[in-house]
Amino acid sequence: MRKVLLDRVWADAELVWEFHRLRHLPKPCSAAVALGCNDLGVAAHAAELYHRGLFPLVVFSGGNSRETAGRFPRGEGVHYRERALELGVPDEAILVEPKATNTGENIAFSREILDTAGVSVSSLMLVSMPYMERRAFATTRKVWPEIEPVCASAPVSLTEYALRTQHGTDLIDMIVGDFQRLIEYPRKGFAIPQKIPPIVYSAYRRLVAAGFSSRML
């Protein structure tokens, strides 16, 4: 019975995970913004996309949060920059936005950084964790409505991501928390609404009922 319950939980988490991922086709953009979080793999994926020629300039955005202060004491954007330099991204192709503490600030402050640098942006690539794609998209369309962002993240399954990042079941809590924000943030004026399929919403409700709620608002 326990295995059946665990299988059900994982199947629900996979449904929500896949909904978060937009699977946009990569295309060249004026610039990229890599959204700070606790996963240094975001910086590595941004470096890979840079080397593929998909953008000439990347903003590494993020200050500190409760979750990242211990791992990235100098700020998410600063540590992301250092990782990108290790991976061969030239310093002149990097801007750092060091203050943002949420996704709306990531976008708004990065826009200011790009404006100050004199960068004309007609298209923007958002590089994030896989389960943050949809919220990043919805937030950008609200904060910077002139831009139709292209979302990008490491092309991995939920299982692969859990193993790579050594997350336990708290990864499901984070997936659930991001999903709730897709519902609540449009009501608060932080993001545009997203159409949520009933099958995905039902999976989310079961995960909440199962106790995966520590990252909810």
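The structure displayed is predicted, hence computed values, not measured ones. All residue numbers here refer to positions counted from 1 along the written sequence of the relevant chain. Since the coordinates come from a predicted model, pLDDT governs what is reported: local features require at least 70, and pairs of side-chain atoms require 80 or more to be given and counted, while whole-chain, interface and lining totals use all residues. Hydrogens and water are ignored here; the side-chain numbers use all heavy atoms of the structure.

**Student:** Can you walk me through unusual backbone geometry in this structure?
**Tutor:** Residues other than glycine predominantly adopt negative phi, and peptide bonds predominantly adopt the trans conformation. Non-glycine residue Arg 23 carries a positive phi angle of around 55 degrees. Helix numbering and strand numbering both begin at the N terminus, where a helix is a DSSP run of H or I of at least 4 residues and a strand a DSSP run of E of at least 2. Within the element layout of this structure, Arg 23 appears in the loop between helix H1 (2-20) and strand S1 (31-35).

**Student:** Looking at this structure, how should I read the layout of surface pockets?
**Tutor:** Rolling a probe over the atoms, with the probe sized like a water molecule, indicates the empty space that remains. Points on a 1 Å grid, built from protein atoms alone, make a cavity when a 1.4 Å probe fits but cannot get out and make a pocket when they are open with protein on both sides within 12 Å along at least 5 of 7 lines; residues with an atom within 4 Å of a point are the lining residues. Grid points are joined across faces, edges and corners, and a volume is the space filled by probe spheres set on the points. Empty space within the largest pocket amounts to approximately 750 Å³. Contributing to the lining of the largest pocket are 31 residues, with Glu 67, Thr 101, Asn 102, Arg 135 and Arg 181 lying nearest its centre. Of all the secondary structure elements, the ones that give two or more residues to the lining of the largest pocket are helix H4 (103-116), helix H5 (133-143) and helix H7 (170-188). Considering each element in turn, the lining of the largest pocket owes the most residues, five residues, to H7.

**Student:** In this structure, what is going on with the UniProt feature "domain: DUF218" (unreviewed entry) in the chain? I would like to understand it.
**Tutor:** Mapped onto this numbering, the UniProt entry annotates "domain: DUF218" (unreviewed entry) at residues 32-155. Here residues 32-155 runs as 38% helix and 15% strand, with 17 Å between its end C-alpha atoms. UniProt positions are given in the numbering used here, feature names are shortened, and annotations may be inferred rather than shown by experiment.

**Student:** Quick question: what am I supposed to make of the pattern of salt bridges here?
**Tutor:** Opposite charge on two side chains permits them to pair, given that their charged atoms come into close proximity. A pair is scored as a salt bridge if a Lys or Arg side-chain nitrogen falls within 4 Å of a carboxyl oxygen belonging to Asp or Glu. This structure, assessed with the given rule, holds eleven salt bridges. Where Asp 12 meets Arg 206, a salt bridge forms, and the shortest distance between an N and an O atom there is 2.7 Å. On the criterion of sequence distance, the pair formed by Asp 12 in helix H1 and Arg 206 in helix H8 (residues 198-209) is long-range, its members being 194 residues apart. Between Arg 135 and Asp 178 there is a salt bridge; the shortest N-O distance is 3.0 Å. Of this pair, Arg 135 sits in helix H5 while Asp 178 sits in helix H7, placing them 43 residues apart in sequence.

**Student:** Explain the environment of Arg 71 here, please?
**Tutor:** When you line up the elements, Arg 71 lands in the loop between strand S2 (58-61) and helix H3 (76-86). Along the primary structure Arg 71 and Asp 39 are separated by 32 residues, whereas in three dimensions their C-alpha atoms are 9.6 Å apart. Arg 71 has contacts with Asn 38, Asp 39, Leu 40 and His 79, leaving out every residue within four places of it along the chain. Polar contacts, as used here, are pairs of N or O atoms within 3.5 Å; protein pairs need one atom able to donate a hydrogen and one able to accept it. Residues neighboring in sequence count only if both atoms are side-chain atoms. Among the polar contacts listed, one links the side chain of Arg 71 to the backbone oxygen of Asn 38, at a separation of 2.4 Å. Contacts were defined at the residue level, with two residues in contact if any of their heavy atoms lie within 4.5 Å.

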